[in-house]
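# Understanding the architecture of this molecule
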Amino acid sequence: MRLAAPFGSLIDRDAPVTFTFEGRTYQGFAGDTVASALAANDVWLISRSFKYHRPRGVLTMSGDDGNTMVQVGQEPNGLADILPIHDGLAVMGQHYSGSLVADRDRWIEKFSSFLPVGFYYRAFFKPKGIWNFWEKLVRAKAGLGRVDTSTPHGYYDKAYAFADVAVIGGGVAGMAAALEAAKADVEVVLVERQPMLGGSLNYTRIDVEGTSGPALVQELLGQLRAAKNITVMTEATCTGWFTDNFLPIVVANRMVKLRAGQVIVATGAVEQPAVFRNNDLPGIMLGSAAQRLIRIYGVKPGQRAVVACYGGTGYGVALDLLDAGVEVAAIVDLSATPTDNPRRQAAVDRGIEVLQGYGLREANARRDGAHLAGVVAAPITGNGELADEQRAIECDLLCMSTGWTPAASLVAHAAGEVSYAERSGSFMVRAVAKNMQVAGAVSGEWVVDAAIEEGRQAGAAASGQDANPVPVPRAPDDRPPQPWAIFPHEKGKEFVDFDEDLTVADIRNSVAEGFGDIELVKRFSTVVMGPSQGRVSALNALRLVQSHAGRPLEGARGTTNRPPVTPEKFGHLSGRGFEPVRLTAMHDRHVEADAEMTVAGAWIRPAYYGADREQALQDEVMCVRNNVGLIDVSTLGGLDVRGPDAAEFLDRVYTLSYARQQVGRARYVLMCDQSGTITDDGVACRFSDDNFYVTTTTGGSDAVYRTMLLWNAQWRLDVDITNLTGGLAAVNIAGPNARAVMEKICSEVDLSAEAFPYMGVRLARVADIAARLLRVGFVGELGYEIHAPAGMGEALWDALMDAGAEFGIKPFGVEAQRILRLEKGHIIITQDTDGLTHPHEANMAWALSRRKPFYFGRRAIAAQMKRGLTRKLVGFTLAEPDGPLPEESHLVVRDGEITGRVTSIVRSPTLNRPIGLAFVAPDQSETGQSFSIKGHGGRMIEALVAPVPFYDPENSRQEM
Amino acid sequence: MAQPTDHKRRSFIYRQLVSAGAEFTSLADAAVASRYRNEGDARKLGIADLSPLPRTGFKGRQALDWMAEQDVAASPHNNLANLQPDGCLVARLADTEALVLSDLEAKSTTVEKLNALEPGVGCYPVPRGDTYFWFVLAGIHAPDCLLKICGVDIRPHKFPNHSIAQTSIARLSTIAIRDDRGSTPAYHLLADGTSAAYFWSAVLDAMAEFDGRPIGLESLIALN
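In this text the structure is predicted, and so the values were computed from the model without any measurement.

Calculation rules
- Residues numbered from 1 in each chain as written.
- Chains lettered and ligands numbered in written order.
- Predicted model: local features only at pLDDT ≥ 70, side-chain atom pairs only at ≥ 80, totals over all residues.
- Helix = DSSP H or I, 4+ residues; strand = E, 2+ residues; numbered from the N terminus.
- Rg over C-alpha atoms; globule rule 2.2 N^0.38 Å.
- Buried ≥ 20, exposed ≤ 12 C-beta atoms within 10 Å, placed from the backbone.
- Contact = placed C-beta atoms within 7 Å.
- Pairing = 2+ DSSP bridges.
- Axes fitted to C-alpha atoms, helices over the stretch in contact; angles between N-to-C directions.
- Core = buried A, V, L, I, M, F, W, Y, C linked by C-beta atoms within 7 Å.
- Nonpolar A, V, L, I, M, F, W, Y, C, P; charged D, E, K, R; others polar.
- pLDDT = per-residue confidence, 0-100.
- Left-handed = near helix turned anticlockwise from the far one by under 90°.
- Parallel < 35°, antiparallel > 145°, perpendicular 65-115°, else oblique.
- Arc of directions from axis to C-beta.

Attention now moves to the overall build of chain A. Along its length, chain A carries 22 helices and 48 strands. Its C-alpha atoms give chain A a radius of gyration of 38 Å, clearly above 30 Å, the size a compact globule of 960 residues would have. Considered along the principal axes of its C-alpha atoms, chain A spans approximately 115 × 70 × 55 Å. The buried share of chain A, reckoned over its 960 residues, is 53%. A separation of at least 24 residues holds for 66% of the contacts in chain A among residues at least 6 apart in sequence.

This part covers the overall build of chain B. If you tally the helices and strands in chain B, you get seven helices and 13 strands. Against the globule reference of 17 Å for 224 residues, chain B gives a C-alpha radius of gyration of 16 Å, in line with a compact fold. Seen through its C-alpha atoms, chain B measures out along the principal axes to roughly 50 × 40 × 30 Å. Burial statistics for chain B: of 224 residues in total, 56% are counted as buried. The contacts of chain B with a sequence gap of at least 6 include a subset with a gap of at least 24, amounting to 63%.

The next thing to look at is the sheet that holds strand β47 (residues 930-934) of chain A. Residue and element names in this part refer to chain A. Spatial strand order, β43-β46-β45-β44-β47-β48: six strands in a closed barrel with antiparallel pairing. Looking at each pair of strands side by side, their axes are set apart by 45 degrees on average, direction ignored. When strand β43 (residues 872-878) meets strand β46 (residues 913-920), the two strands line up antiparallel, connected through five bridges. Paired with L873 across the strands is F919, a residue of β46. Against the sheet, helix α21 (residues 814-824) makes contact with β45 (897-908) and β46, and its axis sits at roughly 115 degrees relative to β45, the strand it touches most.

The next thing to look at is the sheet that holds strand β1 (residues 12-21) of chain A. All names here are of chain A. The strand order across the open sheet formed by five strands is β2-β1-β7-β5-β6, and the pairing between neighbours is mixed. Each edge of the open sheet is held by one strand with a lone partner, namely β2 (24-30) and β6 (75-79). In this sheet, neighbouring strand axes are inclined to one another by 40 degrees on average, regardless of whether the strands run parallel or antiparallel. Where β1 meets β2, seven bridges bridge the pair, whose relative direction is antiparallel. Paired with V17 across the two strands is G28, which belongs to β2.

On to the nonpolar core. Taken as a class, soluble globular proteins show a tendency for nonpolar side chains to be buried jointly. Residues A166(A), V167(A), I264(A), L398(A), A91(B), A98(B) and L137(B) are the most contacted members of the largest nonpolar core, which totals 254 residues. Of the residues forming this core, the biggest block, nine residues, is contributed by helix α4 (residues 172-182) of chain A. If near-sequence neighbours (up to four positions away) are discounted, V167(A) is found in contact with G174(A), A177(A), A178(A), V188(A), L190(A), V191(A), I264(A) and A266(A). Counting residues in hydrophobic clusters, the runner-up holds 108 residues, among them I631(A), F649(A), A788(A) and A842(A).

This part takes up helix α11 (residues 504-512) of chain A. Those residues of α11(A) lying buried are V504(A), D506(A), I507(A), S510(A) and V511(A). In the core, the buried residues of α11(A) are packed alongside β28 (495-497), β29 (502-503), α12 (518-525) and α13 (538-549) of chain A.

On to the pairing of strand β9 (residues 132-138) of chain B, then. All names here are of chain B. Taking burial as the measure, the seven residues of β9 include seven buried ones, the bulk of the element. Because side chains alternate across β9, one face comprises the buried residues Y132, W134, V136 and A138, and the other comprises F133, F135 and L137, equally buried. Sheet topology note: the strand β3 (residues 46-49)/β9 ladder contains four bridges and is antiparallel. Across the sheet, residue D49 finds its bridge partner in β9, namely F135. Sheet topology note: the β9/strand β12 (residues 186-192) ladder contains seven bridges and is antiparallel. In the strand pairing of β12, A138 is matched with A186.

This part takes up the interface of chain B and chain A. Facing 28 residues of chain B, the contacting portion of chain A comprises 28 residues. Of all the elements in the fold, those that place two or more residues in the side of chain B that touches chain A are β8 (124-126), α4 (128-131) and α6 (196-207) of chain B. Split by residue class, the side of chain B that touches chain A holds 11 nonpolar, seven polar and 10 charged.

With that settled, the discussion passes to the confidence of the model for chain B. Taken as a whole, chain B shows an average pLDDT of 97; of its residues, 100% reach a score of 70 or greater. Listed scores for the predicted complex are pTM 0.92 and ipTM 0.98.

Here the focus is the packing of α4(A) against helix α10 (residues 448-462) of chain A. All names here are of chain A. Their axes nearest at 7 Å, the elements α4 and α10 cross at an angle of 35 degrees. Here the hand of the crossing between α4 and α10 comes out right-handed. Within the contact between the two elements, α4 uses V172, A173, G174, M175, A176, A177, A178, L179, E180 and A181 and α10 uses V448, A451, I452, E454, G455, R456, A458, G459, A460 and A462. Residues belonging to the contact of α4 with α10 are distributed by class as follows: 14 nonpolar, three polar and three charged.

To continue, consider the packing of α11(A) against α12(A). Residues and elements named next belong to chain A. At a closest axis distance of 10 Å, the pairing of α11 and α12 adopts a crossing angle of 115 degrees. Between α11 and α12, the angle falls in the class roughly perpendicular. As for the relative orientation of α11 and α12, their crossing is right-handed in sense. For the pair α11 and α12, contact is made by D506, I507, S510 and V511 and by V521, F524 and S525, respectively. Across the contact of α11 with α12, the residue classes tally to four nonpolar, two polar and one charged.

Before going further, it helps to examine helix α19 (residues 738-745) of chain A. Residue and element names in this part refer to chain A. Residues of α19 that are buried: A738, R739, V741 and M742. Along the axis of α19, the buried residues cluster in a sector spanning 160 degrees; they form a single face. On its buried face, α19 sits against β38 (728-734), β41 (783-789) and α20 (793-804).

Here the focus is the pairing of strand β2 (residues 30-36) of chain B. Residue and element names in this part refer to chain B. The element β2 is largely enclosed, with a buried count of six among its seven residues. Looking at chain direction, strand β1 (residues 22-27) and β2 are connected through six bridges and run antiparallel. Of the residues in β2, the one forming a bridge with E23 is R35. Where β1 folds back onto β2 in an antiparallel hairpin, the turn is made up of two residues, including A28, whose phi is positive at roughly 55 degrees.

This part is about unusual backbone geometry. What you tend to see is this: most non-glycine residues have negative phi, and most peptide bonds are trans. All names here are of chain A. Looking along the chain, the bond that leaves A5 and enters P6 is cis, with omega of 15 degrees. The residue P6 is located in the segment before β1 in this model. Backbone torsion omega between V948 and P949 reads 0 degrees, so that peptide bond is classified as cis. Summarising the element assignment, P949 is placed in the segment after β48 (940-946). A positive phi angle, close to 55 degrees, is found at N245, a residue other than glycine. The residue N245 is located in the loop between β11 (236-238) and β12 (246-251) in this model.

Residues and elements named next belong to chain B. Inspection of the secondary structure assignment puts G40 in the loop between β2 and β3. Overall, the presence of 24 C-beta atoms within 10 Å leaves G40 in the buried class. Separated by 137 residues in the primary sequence, G40 and I177 place their C-alpha atoms 21 Å from one another. Not counting residues within four places of it along the chain, the set of residues in contact with G40 comprises L45, G46, G212, R213, P214 and I215.

The next thing to look at is the environment of Q272(A). Residues and elements named next belong to chain A. Topologically, Q272 is positioned in the loop between β14 (269-271) and β15 (284-286). The exposure class of Q272 is buried, given the 23 C-beta atoms found within 10 Å. For the pair Q272 and M285, spaced 13 residues apart in sequence, the C-alpha separation works out to 9.9 Å. Other than its neighbours up to four places away in sequence, Q272 contacts T402, G403, W404, T405, V536, L539 and N540.

This part covers the environment of L27(B). Residues and elements named next belong to chain B. Structurally, L27 can be placed in strand β1. C-beta crowding within 10 Å serves as the criterion here: with 21 such atoms nearby, L27 is assigned to the buried category. For the pair formed by L27 and T56, sequence separation is 29 residues and the distance between their alpha carbons is 16 Å. Filtering out sequence-adjacent residues up to four positions away, L27 remains in contact with V32, P52, L53 and A106.

Okay, structure coming up:
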């Protein structure tokens, strides 16, 4: 039932909203949550409990419990008490069989005596293999909500934010702290997870009239609006604290990563439930939850109520209930003696019966079991003990104002100290991290004026106006310890942790099993491990554990508190995906030519052209062998190494010698790391005495560049290294007609074999584009690599394709190139080598200088050779050329032992037979020797060691 | 109207610009997007592709001295840019490296002159016109937009005009130079040209919530 204004400060009665719950249509208002709108429609059953499928409803109305978890579309586990409604929202209950109202799995509770704490660890594993049977049943019943793996990705993103002072918590202490800090002209961000500032003053009653709280909030809001340097974020949850005050703030579908110089934690406190039999029935809620329903959402929370409390706060709840038209049957005041709080006197004056020194024995349900029908109270005779005398009171609402505990997660994340204090009957912040302040209820300050003053002090300290931080812990007050609101019952069902249906007996039995520490009890019983993460269970769980273990409570710590404070979605963590992709200047030309593109690290490269892969590869290879082909090799790394010491530098990082390399010539480069492992290769082109242009493999360019920068810094040679990989587009035109094509568009250079021989390099204009020409031959044919400015790469490609048209030039892709190079016997680093391959194993001894005193890996390679070879890379062909082809990484096996593996294998279009490279044992590596490869299905395939190159061993083709 | 393919030098993303409705003008040795059919509001948030405009760079222990000898003055401090009398912007990236950006109308001949010289030992040219794309993000929402993709505090009151951040933006190593157009915040963004298409779409995505769109060179110039 809705209450008239001024109740309902957040709802807009002029904006009705229609939504569905469990298939039925309901109406609420803008500003309502699912739970408040349902409550306004007298719907209190929202979900079912995890273990026993007990009916559950509103508990905190603040998102601090897991009793209102619902399914919204494809998203499970939304919290109905904080989930805003909007038109068309379709909400379903979750974790039931049949219907929410008539859950067929409700029977499980009847077997609760067979499901004691820890049963899961003891059952299901004997006899061996029985888990396979139980798993299906357990998985069918376990879990919360429905996960739809076909759910499309939502749009989530992240943003960075910065502040000199971040205030977490927008209650009066936080507001005062922000205002005070802002006076120092610093940048302040105030973060509040509710839709409006004001904290508990938006719903609690701090005076008899119930007016001073809202008035105070309005006054502070006015000051905040006037402050220019305060950014206010509402509906924003700070989910953790990380080093150097890095604070994740979840706002809708965005995670804001806030970096703050100082943090003021003003996160308030969380009201705690009482523990007694059937304390989880819908209709039993925290006093603050009832007040939120009344004051924020304008909802009458029941017809006839009982309030359980420790003095003042509960009397404010009772007065609010009266003002909302709820009959208050009684106040069960757990305190032994009355307080002199004016609200108590006002409640008595308005005719409410007070049962002083009483506790709660049990709650009783309606006949359908789905709602509260009444409570039984009895005088308290000791901690957790009640007299036989009892009072049964009919009611449909029980408000529990039975203590608070500080919302100190952020303090704990920052390695502050939070532990139990007997005097306050709750956890207490005892120490905070550097550059952090605490203010208000989180530090134990409950008096509004004092909390404001404390906020101001924190703001002054955080902004540097006051060198004195807010002292913690607060000086303990002189109140006597209150009896716990925990009343064990001989029939059980006094829930300590609603998330996991854990009762007093479960905690007691955990301790009896030998788990005498709260951290162990947590892992054995799963207490505080559920969706609410102990926010409404940790306090009572610690009390019970310490009590049953015979340990002192004072100073006892709860379980380790880790981020996130409240649940984060994977979407929040991942945000918008940023995956940089590199495209060559000719990328679109490849796409236009119907290329099948493939991923090569961050690059996208053409694999082959056309729809029919096999035919494309055959055509592309044969076009290069017999005519002319063009491939985009822009992905190769390109580094300018310049300066008087350039040759010396290359001598140190590469295995061959470059000091005497002639200008205008290229030389192979092989790089090893200091363990002698091959890491990269390419060519070094000397364009002047102090200018080398070095190419690298596609995947190795960044690593080679980093290695060079590192060692250049160490050696301090007079040399500069510039990475031109992205700045130069490169193509390789190859085939017997390559020269003829080039001669059409490159007249500056004599391209004849005599004037521009194999491994020559030149600077020249190609199609009027300044370029670096390299006569190198990875594919084993006459060819030219042309490296030109990336901005002109597409024009270069077009010019070559136009010039080659009369010859029938074809583009060829990476796959054809891999076949061509294999025919020529060239290895590909990281395909034909691995993380342990040294040059001798790969037959690269010819690339190791014997004269140089040093290069990377020289000593390690020498040491390896002293031990002798353990494997060798060989070329091979198959004994049955038309038989099944092994694949790369298939194993070489001898007498059941693995002696190597295939690194490359193709059926050569040129040679019309299978050819490959493989690692074999050294005594299997002589030409003509056979070895066995374990192919698909374990079939053994006989291979024969063959000489490489397979094609044109005299090199006449590439040197023509 | 000029077309990008009229020139050998082309923007890394000219096809995306054409798809967005760009009209081109020839400038220097390439065509630059001068306006769009559905132009964004440059004062609020827009992104312009200046990749075809001249720029260059120099590295080495003598680089800054050599540039000074050519009357090109870098800032005395790293990570600060210095506006030259002819409108060029010289961004000092390190003790040994600087980047030279043409004025937006490409009237200056500084880049061309520098590129025609051979500096000698200790100063090495870097072809920034080909290694880096060059975008400009402008508008009052530019700082907010950048905060979605950049972890450095580049807001105007923390990042003075002509400050430089060499950082990761949308996971791409980027040089960001604040260079306001009149009273409108503007940032030059330069990074690996081969990732230009990726970066362009990533920034447009971040701009969407502010109704940011591509803008032509004319709008950018008009901000002054």
